[in-house]
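Summary of structural features
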Amino acid sequence: MKSVILAGLLAAGFTGNFALANEQGTQSSDGVLKYSYNFVYLKCESSSCGDIVTRRYPMKVYYKFVPDIPPHSEVRIYWNKNVPAGVSAGKRVAYTEGATCPDGSKMKAKWFLDSNFRPTTAIATDCNGVDHTYSVHEFHF
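Residues numbered from 1 in each chain as written. Predicted model: local features only at pLDDT ≥ 70, side-chain atom pairs only at ≥ 80, totals over all residues. Heavy atoms only, no water.

Scanning the protein for helices and strands turns up 1 helix and 9 strands. Here the protein holds 141 residues, and 29% of them are scored as buried. Of the roughly 8800 Å² of accessible surface on the protein, a fraction of 58% belongs to carbon and sulfur atoms. (Helix = DSSP H or I, 4+ residues; strand = E, 2+ residues; numbered from the N terminus. Buried < 20%, exposed > 50% of the residue type's maximum accessible area, 1.4 Å probe, protein only. Areas by Shrake-Rupley, 256 points an atom, 1.4 Å probe, with all protein chains shown as cover.)

By definition, a disulfide links the sulfur atoms of two cysteines through a covalent bond. If you walk through the whole model with that rule in mind, you get 2 disulfides. Between Cys101 and Cys127 runs a disulfide, and the two sulfur atoms are separated by 2.2 Å. Taking the torsion about the S-S bond as the criterion, the Cys101 to Cys127 disulfide, at about -90°, is left-handed. You can see Cys101 sitting in the loop between strand 6 (93-100) and strand 7 (106-113) and its partner Cys127 sitting in the loop between strand 8 (119-125) and strand 9 (131-138), a full 26 residues away along the chain. Looking at Cys101, the relative accessible area reads 6%, which means it is buried. By relative accessible area, which is 33% here, Cys127 ends up partly exposed. (Disulfide = S-S within 2.5 Å.)

This paragraph deals with the nonpolar core. Of all hydrophobic cores here, the largest spans 19 residues; its most connected members are Met59, Val61, Val75, Ile77, Trp79 and Trp111. Elements with a minimum of two residues in this core: strand 2 (31-44), strand 3 (57-66), strand 4 (72-79), strand 7 and strand 9. Looking at which element gives the most residues to this core, the answer is strand 2, with 4 residues. (Core = buried A, V, L, I, M, F, W, Y, C linked by side-chain atoms within 4.5 Å.)

Here we take up the side chain of Glu74. Note on placement: Glu74 falls in strand 4. Residue Glu74 is classed as buried on the basis of its relative accessible area, which comes to 8%. Separated by 2.8 Å, the side chains of Glu74 and Arg76 make a polar contact. (Polar contact = N/O pair within 3.5 Å; in protein donor to acceptor, adjacent residues only side chain to side chain.)

In the structure shown here, the tally under the stated rule is 6 aromatic pairs. Arranged with centres 6.1 Å apart and planes meeting at 85°, the rings of Tyr62 and Tyr78 form a pair that is edge-to-face. Taken together, the residues span a long stretch of sequence, with Tyr62 in strand 3 and Tyr78 in strand 4 at a distance of 16 residues. By relative accessible area, which is 29% here, Tyr78 ends up partly exposed. Summarising the aromatic geometry, the rings of Phe139 and Phe141 are spaced 5.1 Å apart at their centres and angled 85° between planes, so their arrangement reads as edge-to-face. Phe139 sits in the partly exposed class, given a relative accessible area of 25%. Joined through ring pairs, the aromatic side chains of Phe39, Phe139 and Phe141 make up one cluster. If you follow Arg56 out to its NZ or CZ, it ends over the ring of Phe139, 4.2 Å from the centre. (Phe/Tyr/Trp six-rings, centres within 6.5 Å; stacked < 30°, edge-to-face > 60°. Lys NZ or Arg CZ within 6 Å of the ring centre and 35° of its normal.)

It is worth spelling out the pairing of strand 2 at this point. Where strand 2 and strand 3 come together, 6 bridges link them in antiparallel fashion. If you follow Leu33 over to strand 3, its bridge partner there is Tyr62. Looking at chain direction, strand 2 and strand 9 are connected through 5 bridges and run antiparallel. What sits directly across from Leu42, in strand 9, is Val136. (Pairing = 2+ DSSP bridges.)

As structure tokens, then:
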């Protein structure tokens, strides 16, 4: 009886994941592609960096649900030199690691996302440990 229930749950999970992948787009080891745009830039909103605007880079945002114990989810962002930091923080927050600092550590960023997985704000920590707040924008021609 237990094996029948387990088989039913697994089948439902596979069917649900397959439907989600078809509905949302690309499935990869990073999860389901939820957001992608070729020209994303950041504008500094902190007094520590003035009105600096970054260059435009492609951005991809993936969402991954891990049915582990305990179950958790992770949003994985790729933008410029930022790569996922492997921190599970739910659907609205993502952590990335950026360029390497002179001491060998990496710059870090915490990204905040809207309900459509579109990043809206990032808090970046530079090599000196100073936090800078950025707003996230799409460049439209």
